[in-house]
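# Structural overview
So you can see what is in the structure, the chains are spelled out below.
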Amino acid sequence: MTALSYNSLHHSSPQAADQIFVIVQHWIVGHAPVGLQPLLAILLSVVAIVGGFGLLFAITTILERKGLGRIQNRYGPNRVGFFGSLQPIADAIKSLTKEDIVPQTADKLVHLLAPILLVLAAFSVYAVLPVGRNMVLVNLDAGVLFFFAIGSVTEVAVFMAGWSSRNKYSLLGAMRAIAQMISYEVPLILSSLTVIMATGSLSTVSIVEKQAGYTGILPHWFIFTPWGFAGFVLFMIAATAESNRSPFDLPEGESEIIAGYYIEYSGFKFALFFLGEYLGMFAISGLAITLFLGGWNAPLPFLTWVPSYLWFFAKLLTLIVAFIWVRGTLPRLRMDQLMNFAWKFMLPMALLNLITAAVWHFMPAGPVRWLVSIVLVVVPYTVLGRNQMHKGHLEKRVYRFAE
Amino acid sequence: MLFTIFAALTVAGAVAAISLRNLVHSVLSLILAFAGLAAVYLLLGAQFIGFAQILVYVGAVAILIVFTILLTRNDGTFGHSSQASWNLGALIVIAVFGTLAWAIHSSTALHHAPPPQPEATMQQIGTALMVRFALPLEVIGLLLTAALIGAATIALHEKQERP
């Protein structure tokens, strides 16, 4: 593992603003004794990740509450600070000072470990996300695989939380969450496989490097290819389901199972669940940016003077706003709709998209390649979509277990 | 040093998995053993196997076991097993362990110096899977698909029988 990739990297860009964090890190590490330098370098990066994305979490909570308020014709939080801007601090103090209630029949140890494991897994995946030029904690050869492997640990944490609470709603919520995560993990991984096919690498850093460069003013991002566009849309839908956000928020479904698997958590542990959920959303958005949206590359060739990490976070905030917008707009799916959508629409589309990516790879560049690829994306979409529409909506719904 | 920690973790997880009374606790200990094994793989420089171990065993197999337990039992606990089955189990375990130990001890691999560790990159593993071992990979894929369809068929059949 190349834990010390920072030190060996040469600065490909002379711009100081772009590399300021890397330079500062080198400067601090340079003052430490030689034996401690690798450890200190890693520690500094970890602190930066935890601090940076923790801050983003605070910003996102206020953004989401304000944005949802706007969408639903109300003000949102507006009491703490200027236009409610200090609300996250108030929330943090509240969650820290609230009493931590553990149910009497709960499995105490598992109940305690679940939120810790969730947040640990959520933070670990940031190790392979390149947030800027030369700004990645470890450049793993199997970076994307690492991301998905650690991401799957979340399911274990969710199960631990749901089971240990000894509450029927939390167990139901956990079962729903796990079934949903497993179902949507398949299209998620299959849609990102197209990028791995195109780049021939699992390393997040080299995937971003492959998307550098411009044709005219258009960047070489994978979203600007037919398979990349289809892959990005599939990836984002699966990512929404993976992070249990509306319209895929059945595991939480307030009106049906109150709050799902974290119903028996209060105080700081509840805040940890919230943190883990949002961190998961940021991480998977970060992976979408890395795979399809060119990572930290600037969108236009004359904007390359803007520091790379600013581009990454600008893209991340755009995706977060899209998530909030979707949450405020779409109603929740039903369980059968959710599963049908995953296995009968997402999965075939993701598999066909693999073929599209292969066709794109082997055909000579030119308009014919574009035409064939677009046909390969649009025709299955139309056929599958129409098929689902006719099957799902026009017949009377039969209830098997409730009447 | 690291190897000792992870090996101890793996063994502790495995021992807890077979000795704990609560089945869900056993699964969680099993997950710990899987994770420890993955860490040992990573320590040996086998990134692909290490991460695949986490993805497949922690993310899929353990969850599958959890679902199986929750769908078949109510409380997740089980009664004491009889003395006879304990004796039989111990006999089988000793026999398997003895055979394995004997095979490892008498194999020639121990007497050779280990070859210089080849740094297998992801690309090499991918090429090997897609070119040299393409047929076995396809066969396994076909087998798993057949198993999946079979399981789905069985589950569907049960649903139709219900009034």
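Below is a summary of the structure that appears in this document. (Residues numbered from 1 in each chain as written. Chains lettered and ligands numbered in written order. Predicted model: local features only at pLDDT ≥ 70, side-chain atom pairs only at ≥ 80, totals over all residues. Heavy atoms only, no water.)

### Considerations on the overall build of chain B
Test applied: We count a stretch as a helix when DSSP gives it H or I for four or more residues in a row; a strand needs E for two or more, and each element gets its number in order from the N terminus. Residue exposure (1.4 Å probe, protein chains only): buried if accessible area is under 20% of the type maximum, exposed if over 50%, otherwise partly exposed. Between two residues, a contact is recorded if the distance between any of their heavy atoms is within 4.5 Å. In short, Shrake-Rupley with a 1.4 Å probe defines the accessible areas, and a residue's cover is counted only from the protein chains shown.
In terms of helices and strands, chain B carries 6 helices and 0 strands. When the helices and strands of chain B are read in sequence order from the N terminus, they spell out α-α-α-α-α-α. Residue burial in chain B is summarised as follows: out of 163 residues, 20% are buried. If you take every contact in chain B between residues at least 6 apart in sequence, the share linking residues at least 24 apart comes to 53%. Surface exposure of chain B reaches about 11,900 Å², of which carbon and sulfur atoms provide 75%.

### Quick notes on the packing of helix 10 (residues 226-242) of chain A against helix 14 (residues 335-362) of chain A
For any two helices packed against each other, the geometry comes down to the angle between their axes and how far apart the axes lie. All names here are of chain A. Quick reminder of the rule: The axes are straight lines fitted to the C-alpha atoms, using for helices just the contacting stretch, and the angles between their N-to-C directions are given from 0 to 180°. Roughly parallel means an angle under 35 degrees; roughly antiparallel, over 145; roughly perpendicular, 65 to 115; everything else is oblique. Put simply, a crossing is left-handed when the front helix is turned counterclockwise from the back one by less than a right angle, and right-handed when it is turned clockwise.
Two numbers describe how helix 10 lies on helix 14: the axes approach to 9 Å, and their chain directions differ by 150 degrees. Classified by the interaxial angle, the pair formed by helix 10 and helix 14 is roughly antiparallel. Helix 10 and helix 14 meet at a crossing whose hand is left-handed. Of the residues in helix 14, those touching helix 10 at Pro226, Trp227, Ala230, Gly231, Leu234, Ile237 and Ala238 are Phe341, Met346, Met349, Ala350, Asn353, Thr356, Ala357 and Trp360.

### As for unusual backbone geometry
Residue and element names in this part refer to chain A. Its identity as a non-glycine residue notwithstanding, Arg166 has a phi of 55 degrees, on the positive side. Here Arg166 is to be found in the loop between helix 7 (153-164) and helix 8 (168-199). A positive phi is found at Asn244, a non-glycine position, where the angle reads about 55 degrees. For Asn244, the location among the structural elements is in the loop between helix 10 and helix 11 (254-257).

### Things to note about the interface of chain A and chain B
Our working definition: Accessible-area loss on putting two parts together, using a 1.4 Å probe and summing over both, is the definition of buried area adopted here. Salt bridge criterion: a side-chain nitrogen from Lys or Arg within 4 Å of a carboxyl oxygen from Asp or Glu. Any pair of nitrogen or oxygen atoms within 3.5 Å is treated as a polar contact; in protein, a donor-acceptor pairing is required on top of that, and neighbouring residues in sequence qualify only through side-chain atoms on both sides.
Between chain A and chain B, the residue contacts involve 27 residues of the former and 24 residues of the latter. Taking both partners together, chain A and chain B bury about 2,200 Å²; carbon and sulfur atoms supply 78% of that area. Put simply, chain A and chain B have 0 salt bridges between them. Joining chain A to chain B, the criterion identifies 3 residue pairs in polar contact (both at pLDDT 80 or more). Secondary structure elements with two or more residues in the side of chain A that touches chain B: helix 6 (143-151), helix 7 and helix 8 of chain A. Looking at the side of chain A that touches chain B, the element that brings in the most residues is helix 7 of chain A, giving 6 residues.

### Comments concerning the layout of surface pockets
Applied cut-off: The way it works is a 1 Å grid over only the protein atoms, where trapped points that fit a 1.4 Å probe form a cavity and open points with protein on both sides within 12 Å along at least five of seven lines form a pocket, and then any residue with an atom within 4 Å of a point lines it. Grid points are joined across faces, edges and corners, and a volume is the space filled by probe spheres set on the points. Each residue is assigned to one class: nonpolar for Ala, Val, Leu, Ile, Met, Phe, Trp, Tyr, Cys and Pro, charged for Asp, Glu, Lys and Arg, and polar for all the others, Gly among them.
What the second largest pocket holds in volume is close to 1,500 Å³. In this structure, the second largest pocket is lined by 45 residues; those nearest its centre are A:Leu117, A:Leu120, A:Ser124, A:Ile150 and B:Ala35. Counting only elements with at least two residues in the lining of the second largest pocket, the list comes to helix 3 (37-71), helix 5 (108-124), helix 6 and helix 7 of chain A together with helix 1 (2-19), helix 2 (23-43) and helix 3 (47-72) of chain B. Broken down by element, the residue count for the lining of the second largest pocket peaks at 11 residues, all from helix 2 of chain B. In the lining of the second largest pocket, the residues fall into 40 nonpolar, 4 polar and 1 charged.

### What about the nonpolar core?
Generally speaking, nonpolar side chains in soluble globular proteins are found buried as a group. Residue and element names in this part refer to chain A. Our working rule: Grouping buried Ala, Val, Leu, Ile, Met, Phe, Trp, Tyr and Cys residues that are joined through side-chain atoms within 4.5 Å yields what is termed a nonpolar core.
Grouped together as the largest cluster of nonpolar side chains are 122 residues, with contacts concentrated most on Phe53, Tyr126, Phe147, Phe235 and Phe282. Looking at this core element by element, the count peaks at 14 residues for helix 12 (residues 267-292). Residues within four places of Tyr126 in sequence aside, it is in contact with Ile49, Phe53, Leu279, Phe282 and Ala283.

### What about a nonpolar patch on the surface?
The condition that has to hold: A residue counts toward a patch only above 30% relative accessible area and without a salt bridge, and it is joined to like-charged neighbours within 9 Å or, for Val, Leu, Ile, Met, Phe, Trp and Tyr, to nonpolar neighbours within 5 Å.
Taken together, the side chains of A:Ile20, A:Phe21, A:Val24, A:Trp27 and A:Ile28 define a hydrophobic patch exposed on the protein surface, amounting to about 490 Å² of accessible area. Its relative accessible area of 33% is what places A:Ile28 among the partly exposed residues.

### Brief notes about the packing of aromatic side chains
Rules: Within 6.5 Å between ring centres, the rings of Phe, Tyr and Trp (the latter by its six-membered ring) count as paired, and their orientation is classed by plane angle as stacked under 30 degrees, edge-to-face over 60, tilted in between.
Under the criterion given, the structure shown has 26 aromatic pairs over all chains. Arranged with centres 5.2 Å apart and planes meeting at 70 degrees, the rings of A:Phe146 and B:Phe51 form a pair that is edge-to-face. Here the residue A:Phe146 occupies a position in helix 6, and B:Phe51 occupies one in helix 3, the pair thus bridging two chains. On the basis of relative accessible area, A:Phe146 is assigned to the buried category, the value being 12%. Residue classification places B:Phe51 among the buried residues on the basis of a relative accessible area of 3%. Ring geometry for A:Trp360 against A:Trp370: centres 5.2 Å apart, planes inclined by 85 degrees, an arrangement best described as edge-to-face.

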